[in-house]
Structures are given as structure tokens and as C-alpha cells.
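So you can see what is in the structure, the chains are spelled out below.
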Amino acid sequence: MFSPHSFLPRMGLPGVIFALALTTVATALDNGLMRTPPMGWLAWERYRCDIDCDNDPKNCISEVLFRDMADRLAEDGWRELGYDYINIDDCWSSRKRDEQGRLQPDPKRFPGGIPKLARYVHDRGLKLGIYGDLGTHTCMGYPGTTLDKIDTDAQTFADWGIDMLKLDGCYSNATEQEKGYPLMSKALNATGRPIGYSCSWPAYQGGLPPKVNYTQLGSICNLWRNYGDIQDSWDSVLNIVDWFSNHQDILQPVAGPGRWNDPDMLLIGDFGLSVDQSRSQMALWAIMAAPLFMSNDLRTLNSEARTILQNKGVIAINQDKMGVQGRRILKEKYGIEVYWRPLSNAASALVFFSRRTDMPYRYTTSLGKLNYTAASYQVYDVFSEKVMPRLSDTTDFTISINPSGVVMWYIIPPALLGQSQMGGGEYPNFRRKYRVSQRGGVGLPFSL
């Protein structure tokens, strides 16, 4: 169901799904983790390196901040939706290692130590992630992990009860990265503790072959940053979306269960995006099978941001167990783009995305023009949370897309609709197949 310019021929929905599945053949890191994209909260974009706890005690990088966010994930419905990581980023550590050469947290900002914080997080049914850097220093000048410290630091993180490591690449070179990223993977596995591994390696090597070997990455890392840091602006989101879409023929096949491309954090609830732009980021990240790490203040999050981030339909699409990354399939000259992702049980998701800045645009097409096979489909509009009338592949439809906004559809194929049993809005076959819970108890958020 691609445009005429796609590398795949017209073959109908099942054939396209099968072909995409065949392209996703990279070996995943053998730690059994992150079989769907990880979800949670990460400090960096919203809090950066604020260490002024004397004057900004609620927002500085300290155990108070991470306990507060753990409380919010546990008490405000996030954990049940799959948001279960609390991730520390740069600036958590002391400026010096301890007498045994181990990393240590800043004693003033983390007086209880990382093990106590990990217990606090675990007691709430959550996981704790931490930040390191494969170099002499972290990006903000704290102690890095040089090659001779990899085993020590991996064991330290395991002893502390850490569940995920993000390993940055500042103050290192290509040779050190080529040695160090695989060595850290082995060292983490050798600890015996399951620790998800996020690698920044490709971002430091331009994100593309031949400098980046995605087959190797998939065998040593659970996720990886391909591109530059996201900033709290719509321009930054567009820049990232463009890079991933322009290189999707390279990036799409390498993603899958246990190995994910990471376009960086969700900005929803911060300062730079409108409501429509926030929906767009959420929808596009879900289509890209991206990790969903919020970087915001969960204590003061407004209701519109919360509604977007807790939308069960978007989360169900993101967390689909087949794990095939979606693609941009159309780029219209008048500023409308169409993205598609195949889902389990021959379902699929569509995103109609407007780059226009003038007014809502009325876009007309049909499922047949998007290469869906001849049939009648059920459509669920994810953000309006409405089940729409059934739609034939030959029927033209018109949707209104706000400037920098999206319309997102969950498409249910005819095979799951129990056509012989339809009547009065009842679809028993569909109910039986789709009322199965996904990650965090999230199934489809609607009944037919």
C-alpha cells in the first residue's frame, strides 16, 4: 500500500506486511528486553543540567525530582499505560570517582545514593534508567566511562539496581566508540542483571552506512539515537521527522522487537508545541515505532497534554507486538503527507499529516488509492476517539487536517470484523481477537 514511487510493488495489504516483515531481519540484542518500544520519562530536555538546588530545589537534578516523577507515573495512570521507566540523564554524578574508582552520585543532590532511589522507583512498579558517556567526560563535563572503566561501571550500575543505561559519546573518538559500545553490551550482560541498553553511537557517526553498521547495532543495543538532540520547538520536530523519512529505506528494516530507532524525547507538555503539533509528534513517533520517553513536568502537566500522552489508541499502535516500523508513503506537493504502519493481525495505522501553516486543509483520497486491497474496512479515529462508518476501498473520503496537525486512523481489516455475524454494531470475531491486552494492559480503546 505504498505510493507509485515506493520500492515495493502493489501487492495488497497482506503481501506488503509480509514483505516488510521479511526486511526486518537484524539480530536483536539477546537480553530479552524491550520487545516493544520502551516508554517512560526522561529528564534531559525539560531539566537539562540544572544543579542549583539551593535556588531551584523542585527542578534541579536531584533525587527529589526523580522521586516526584516516579510518584506521578505510579499514581496518575501512566504506569498502567506502559510508561514505566524513570530515566536520569547527565549531571547526576559527583565530579570525581570514589576511592575504588567507581562512579558516585553527587552527595548533596542524591544524599540517599542511587540504590535507595532505585528501591523507591521499584517499590512503585517502575524501572530506573541512568546516563553514562563513553569518553573521558560526559557532555556536561562529569566523569565519563573510558575503555578501562567499562566493566567497573557496568557492575556498579547492576549493583545499584539500574534497569536501563543510556551511553552517550561525548569526548570520545570513532576508534574508542567502535571498541567501547560492544564492550559495554557484553559487560552489562555479564552482570546477570537485565539492563536495557541505549546507544548514542550512530548519532556520532552521521547515522547512516557505511559508517554505521545497523546489523551490529541490533545485536548489541536495544535502542539507539540516530540523529541530533531534539529541542523544544516545532522546527526541531520537523527536522527529525524529515531526516527519518528521507532515510526510511535504511532505517525502517533495522527496527524490530528488542532493537529500535530512537528519534529522541516527546516534548508534549513543555513550551514549544501547540496542541496540534503535540498530537502530530505523538502520532508520528507511534508510526515510527519510536521509544516514548516524555521529558516534561508531570506535576504540572495540563489536561490537553495528558490526554494526548495517555491516548490508548496511539499507545496501542506504538506498542504493537509485531514491531514493524512505519513509513511515509505519500508526500503531496501541497503540504500533506501520509504515513502508514502495518500492525498485528493484518490491521494497520494511517497518519495524515499537514505541513501547512495557513488553514485546515480538506484532503480527499480513498483507501484504494493508498493501495489497500479491495474490501470494506472499519476505521477508528484515534484522536476523536470515534468508530467511523465502514469504508470501502473504492469510496473517496475527505478529512480536514489542521495546520501542522494530524488525523490518525486505526484500520481494522475485514477478516477481523466477523462479517457473517454483523448486526446491531456487534463484531464478535473482532472482540475476541482484539480484547487481548498488550503492554501495560493496553488493548484497543474502543468497542464495536
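For the structure, see preceding data.
For clarity, every value in this text was computed on a predicted model and none was experimentally measured.

**Student:** For the overall build of the protein, give the residues involved together with the corresponding values.
**Tutor:** The helix and strand inventory of the protein stands at 15 helices and 16 strands. Taking all 448 residues of the protein together, the buried fraction comes to 59%. Of the roughly 17,300 Å² of accessible surface on the protein, 50% is carried by carbon and sulfur atoms.

**Student:** Go over the environment of I329, please, and point to the residues and values.
**Tutor:** Within the fold, I329 resides in strand β9 (residues 327-331). Exposure remark for I329: the relative accessible area of 5% places this residue in the buried category. With 11 residues separating them in the primary sequence, I329 and W340 have C-alpha atoms 6.6 Å apart.

**Student:** So, the nonpolar core: which residues are in play, and what are the values?
**Tutor:** Core analysis: the biggest nonpolar cluster contains 110 residues, and W41, Y83 and W285 have the highest contact counts within it. At 7 residues, the largest contribution of residues to this core is made by helix α10 (residues 234-246). If you look at the next biggest cluster of nonpolar residues, it comprises 19 residues, including V338, L367, Y377 and L391.

**Student:** Quick rundown of empty space enclosed by the protein? Include the residues and the values.
**Tutor:** Where empty space is left can be seen by rolling a probe of water-molecule size over the atoms. With the rule as written, the count across this model stands at 4 cavities of 30 Å³ or more. The computed volume of the largest cavity comes to approximately 80 Å³. Together, L42, N87, M164, K166, S198, L223, R225, D262, D264, M265 and F293 line the largest cavity. At the level of elements, β4 (164-168) and β6 (223-225) are the ones that each hand at least two residues to the lining of the largest cavity. Class assignment for the residues of the lining of the largest cavity results in 5 nonpolar, 2 polar and 4 charged. Roughly 70 Å³ of internal volume is contained in the second largest cavity.

**Student:** Describe in detail the pattern of salt bridges, supporting the description with residues and values.
**Tutor:** According to the stated counting rule, one finds 25 salt bridges in the structure shown. Linking R79 and E80 is a salt bridge whose minimum nitrogen-to-oxygen distance equals 2.8 Å. One salt-bridge network, held together by shared partners, links D242, R328, E337 and R355.

**Student:** Run through the pairing of strand β13 (residues 376-381), naming residues and quoting values.
**Tutor:** When you tally the buried positions in β13, you get 5 out of 6 residues, the bulk of the element. Relative to strand β14 (residues 386-392), β13 is paired through 5 bridges, and the arrangement is antiparallel. Its bridge partner being in β14, S376 is matched across the sheet by S392. Between β13 and β14, which follow one another and run antiparallel, lie 4 residues, and E385 among them has a positive phi close to 55°. For β13 and strand β16 (residues 406-412), the ladder comprises 4 bridges, and the chain directions are antiparallel.

**Student:** Tell me what's going on with the state of the cysteines, and back it up with residues and numbers.
**Tutor:** The term disulfide refers to a covalent linkage connecting the sulfur atoms of a pair of cysteines. Applying the stated criterion across every chain, the model contains 4 disulfides. Between the sulfur atoms of C49 and its disulfide partner C91 the distance amounts to 1.9 Å. One quick way to see it: the torsion about the S-S bond of C49 and C91 is about -115°, and its sign makes the bridge left-handed. Taken together, the positions of C49 in the loop between α2 (44-47) and α3 (63-75) and C91 in the loop between β2 (85-87) and α5 (113-123) put the pair 42 residues apart, joining distant regions of the chain. For C49, a relative accessible area of 21% puts it in the partly exposed group. A relative accessible area of 0% means that C91 is categorised as buried. What connects to what in the protein, once the bonded cysteines are numbered by sequence position, is 1-4, 2-3, 5-6, 7-8.

**Student:** Explain the sheet that holds β9 to me, and be specific about the residues and the numbers.
**Tutor:** Strand order in the open sheet formed by 6 strands is β9-β10-β11-β16-β13-β14, and the pairing between neighbours is antiparallel. Strand pairing shows two members of the sheet lacking a second neighbour, β9 and β14, which therefore form its edges. Each strand axis lies, on average, 25° off the axis of its neighbour in the sheet, ignoring direction. The sheet strands contacting α10 are β9, β10 (336-342) and β11 (348-354), and the helix crosses β9 at an angle near 100°.

Parameters at a glance
Residues numbered from 1 in each chain as written. Predicted model: local features only at pLDDT ≥ 70, side-chain atom pairs only at ≥ 80, totals over all residues. Heavy atoms only, no water. Helix = DSSP H or I, 4+ residues; strand = E, 2+ residues; numbered from the N terminus. Buried < 20%, exposed > 50% of the residue type's maximum accessible area, 1.4 Å probe, protein only. Areas by Shrake-Rupley, 256 points an atom, 1.4 Å probe, with all protein chains shown as cover. Core = buried A, V, L, I, M, F, W, Y, C linked by side-chain atoms within 4.5 Å. 1 Å grid on protein atoms, 1.4 Å probe; cavity = no way out; pocket = protein on both sides within 12 Å on 5 of 7 lines; lining within 4 Å. Points joined across faces, edges and corners; volume = space filled by probe spheres on them. Nonpolar A, V, L, I, M, F, W, Y, C, P; charged D, E, K, R; others polar. Salt bridge = Lys/Arg side-chain N within 4 Å of Asp/Glu carboxyl O. Pairing = 2+ DSSP bridges. Disulfide = S-S within 2.5 Å. Axes fitted to C-alpha atoms, helices over the stretch in contact; angles between N-to-C directions. Contact = heavy atoms within 4.5 Å.

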